[in-house]
Amino acid sequence: MKSVKLIDFSSRHDQYIQNPDGSFSHMDEAYFESVKTAPGTWRILSSGDFSYLVEGENEALAIDTGYGAGNIREYMQSLTEKPVKSVVNTHDHFDHTANNGYFEQTFMSQETGRLATIPSPSFAGITFPQDYKRIIIREGYIFHLGERDLEVFAFPDHAAGSIVLLDRRERLLFSGDELTEGEKHLNGGLTSFAENLRKLAAHRGEFDTLCAGQGHFDAAVIDRLLACAEYILDGHEGKIPRPHKFRLPEITAPDGSRAYHRQMPHPEDMHFDGEGADMSYLRRVEYAGTSITYDIRLREK
């Protein structure tokens, strides 16, 4: 395995993180836990959103890298006998790209390549490698892992360069932060979102589960979102949503300071809370068991 220097988190030693079991760790302590969710497939928590490890007969591929302390590639290699050399990023956000430098090469879309591994404010003082090898991929690219292929589909909305990956063998779709259970807030146009859903709907007979940054979900999420998007495009505009503020839980560390949660955004990194914003261009539609909030100015884009 490539020898790499650990990313130095020691400047944030005094910052506590609360773990899923309620215990606390210092921010510079390596923390990994994994669950095997399908044959040759692991969901891994370090800090931030989940990463995944996908094993074929010849090699294993990492999907996203989290932003926790410790060498995530080394941890992934402990789970499989197949070589773990490469990672693919579903999009550029820091909780998916921070630890790319531990891998020999990183695959990403062109848009992601321009923004990957830009640290969030809560990581000020920590140096993250930016000079790792980046390989730009586009829709249609296929990762051949040995008796197991992952096909890339472009799906930009949550982030400009988002991709999803279809694993036909295990009937999984690795969907990053684009497709997950719950209300969908569109950053881009409604028409392009619907077009991307239709593209995936053409392959719905090939996957059953979404492996997302927030966890695993039934792939019927796609069916519901597409039905809702089509309903809006048929002329049902919806209502202006009520202003709301996304509130992070207040967690008190053992020393009395405010602690982070291992799976939630850090308060310093929140850039929009909805309060005081102009909501007049937004519409929210509930249909088919889900809801979509979109900007009417971007409806046809």
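The structure contained in this document is the topic of the report that follows. Remember, predicted model here, so these are calculated numbers, not experimental data.

A word on the layout of surface pockets
Then step 1. Taken as a whole, the second largest pocket spans an internal volume of roughly 220 Å³.
Then step 2. The class makeup of the residues in the lining of the second largest pocket is seven nonpolar, three polar and four charged.

Side note on the sheet that holds strand β18 (residues 282-287)
In a beta sheet, neighbouring strands are held together by backbone hydrogen bonds and run either parallel or antiparallel to one another.
Then step 1. Overall, mixed pairing links the three strands, which are arranged β14-β19-β18 in an open sheet. The open sheet is flanked by β14 (184-185) and β18, the only strands paired with a single partner.
Then step 2. Two strands pair when backbone bridges link them, and β14 and strand β19 (residues 290-295) are joined in this way by two bridges, in the parallel orientation. Looking at β19, one finds that His-185 is bridged to Thr-293.
Then step 3. Sheet contacts for helix α5 (residues 220-233): β14, β18 and β19; angle to β19, the most-contacted strand, approximately 50°.

Description of α5
Then step 1. Taking 1.5 Å as the rise per residue, α5 with 14 residues should run 20 Å; its terminal C-alpha atoms sit 20 Å apart, in good agreement.
Then step 2. Turning to α5, its buried residues number three or more, namely Ala-220, Val-221, Ile-222, Leu-225, Leu-226, Cys-228, Ala-229 and Ile-232.
Then step 3. Immediately beyond the C-terminal end of α5, within one or two residues, lies Gly-235, with a positive phi of roughly 120°.

A few points about the pairing of strand β11 (residues 149-154)
Then step 1. Of the pairings in the sheet, the one linking strand β10 (residues 142-144) to β11 comprises three bridges and is antiparallel in character. Counterpart to His-144 in the pairing with β11 is Asp-149.
Then step 2. Taking the residues that link successive antiparallel strands as the turn, the β10-β11 hairpin has four residues, and the phi of Gly-146 there is positive, at about 100°.
Then step 3. Here β11 runs beside strand β12 (residues 163-167); their pairing, made up of five bridges, is antiparallel. Bridge pairing in β12 links Ala-154 to Ile-163.

Side note on the pattern of salt bridges
Then step 1. Throughout the structure, instances matching the rule amount to 17 salt bridges.
Then step 2. Among the salt bridges present, the one from Arg-224 reaches Glu-181, with a minimum N-O distance of 2.9 Å. Separated by 43 residues along the polypeptide, Arg-224 in helix α5 and Glu-181 in the loop between β13 (172-176) and β14 bring together distant segments of the chain.
Then step 3. Given a relative accessible area of 23%, Arg-224 falls into the partly exposed group.

Some points on unusual backbone geometry
Then step 1. A positive phi angle, near 70°, is found at Asp-64, a position not held by glycine.
Then step 2. Following the sequence through the fold, Asp-64 ends up in the loop between β6 (60-63) and α1 (72-77).

Description of the packing of helix α4 (residues 190-201) against α5
Then step 1. Interaxial distance between α4 and α5 falls to 9 Å at its minimum, and their mutual angle equals 140°. Our classification of the angle between α4 and α5 gives oblique. Relative to α5, the crossing made by α4 is left-handed. Between α4 and α5, the residues in contact are Leu-190, Thr-191, Phe-193, Ala-194, Leu-197, Arg-198, Leu-200 and Ala-201 and Ile-222, Leu-225, Leu-226, Ala-229, Glu-230, Ile-232 and Leu-233, respectively.
Then step 2. Of the residues in the contact of α4 with α5, the class split is twelve nonpolar, one polar and two charged.

Here we look at the packing of aromatic side chains
Geometry of an aromatic ring pair is reported as the spacing of the ring centres plus the angle between the planes.
Then step 1. Considering all chains together, one arrives at 15 aromatic pairs under this definition.
Then step 2. Relative to Phe-123, the ring of Phe-9 has its centre 6.3 Å away and its plane inclined at 85°; by these criteria the two rings are edge-to-face. Here Phe-123 lies in the loop between α3 (110-115) and β9 (134-136) and Phe-9 lies in the segment before β1 (16-18), a separation of 114 residues in the sequence. Across this residue pair, the class does not change: Phe-9 and Phe-123 are buried.

Parameters at a glance
- For every chain, the first residue of its written sequence is number 1, and the numbers climb from 1 along that sequence.
- Since the coordinates come from a predicted model, pLDDT governs what is reported: local features require at least 70, and pairs of side-chain atoms require 80 or more to be given and counted, while whole-chain, interface and lining totals use all residues.
- Where side-chain values are given, they derive from all heavy atoms of the structure, hydrogens and water being excluded.
- Here a cavity means grid points, on a 1 Å grid over the protein atoms only, where a 1.4 Å probe fits yet cannot get out; a pocket means an open set of points with protein on both sides within 12 Å along at least five of seven lines; lining residues are those with an atom within 4 Å of a point.
- Grid points are joined across faces, edges and corners, and a volume is the space filled by probe spheres set on the points.
- Gly counts as polar in this scheme, as do all residues outside two lists: the nonpolar Ala, Val, Leu, Ile, Met, Phe, Trp, Tyr, Cys and Pro, and the charged Asp, Glu, Lys and Arg.
- A pair of strands is considered paired only if DSSP assigns at least 2 bridges between the two.
- Numbering goes from the N terminus for both helices and strands, where a helix is a DSSP run of H or I of at least four residues and a strand is a run of E of at least two.
- Every residue pair with non-hydrogen atoms within 4.5 Å of one another is taken to be in contact.
- Whenever a helix is involved, its axis is fitted only over the stretch in contact; in every case the axis is a line through C-alpha atoms, and angles between N-to-C directions fall within 0 to 180 degrees.
- To estimate how far a helix should extend, the number of its residues minus one is multiplied by 1.5 Å.
- Residue burial is assigned from relative accessible area. The probe radius is 1.4 Å, only protein chains are included, and a residue is buried under 20% of its type maximum, exposed over 50%, and partly exposed in between.
- Salt-bridge detection follows one rule: a side-chain nitrogen of Lys or Arg within 4 Å of a carboxyl oxygen of Asp or Glu.
- Each angle receives one of four descriptions, namely roughly parallel if under 35 degrees, roughly antiparallel if over 145, roughly perpendicular if within 65 to 115, and oblique otherwise.
- Put simply, a crossing is left-handed when the front helix is turned counterclockwise from the back one by less than a right angle, and right-handed when it is turned clockwise.
- Only rings of Phe, Tyr and Trp enter the pairing, Trp through its six-membered ring, and a pair is recorded when the two centres are within 6.5 Å. The plane angle decides the type: under 30 degrees is stacked, over 60 is edge-to-face, the rest tilted.

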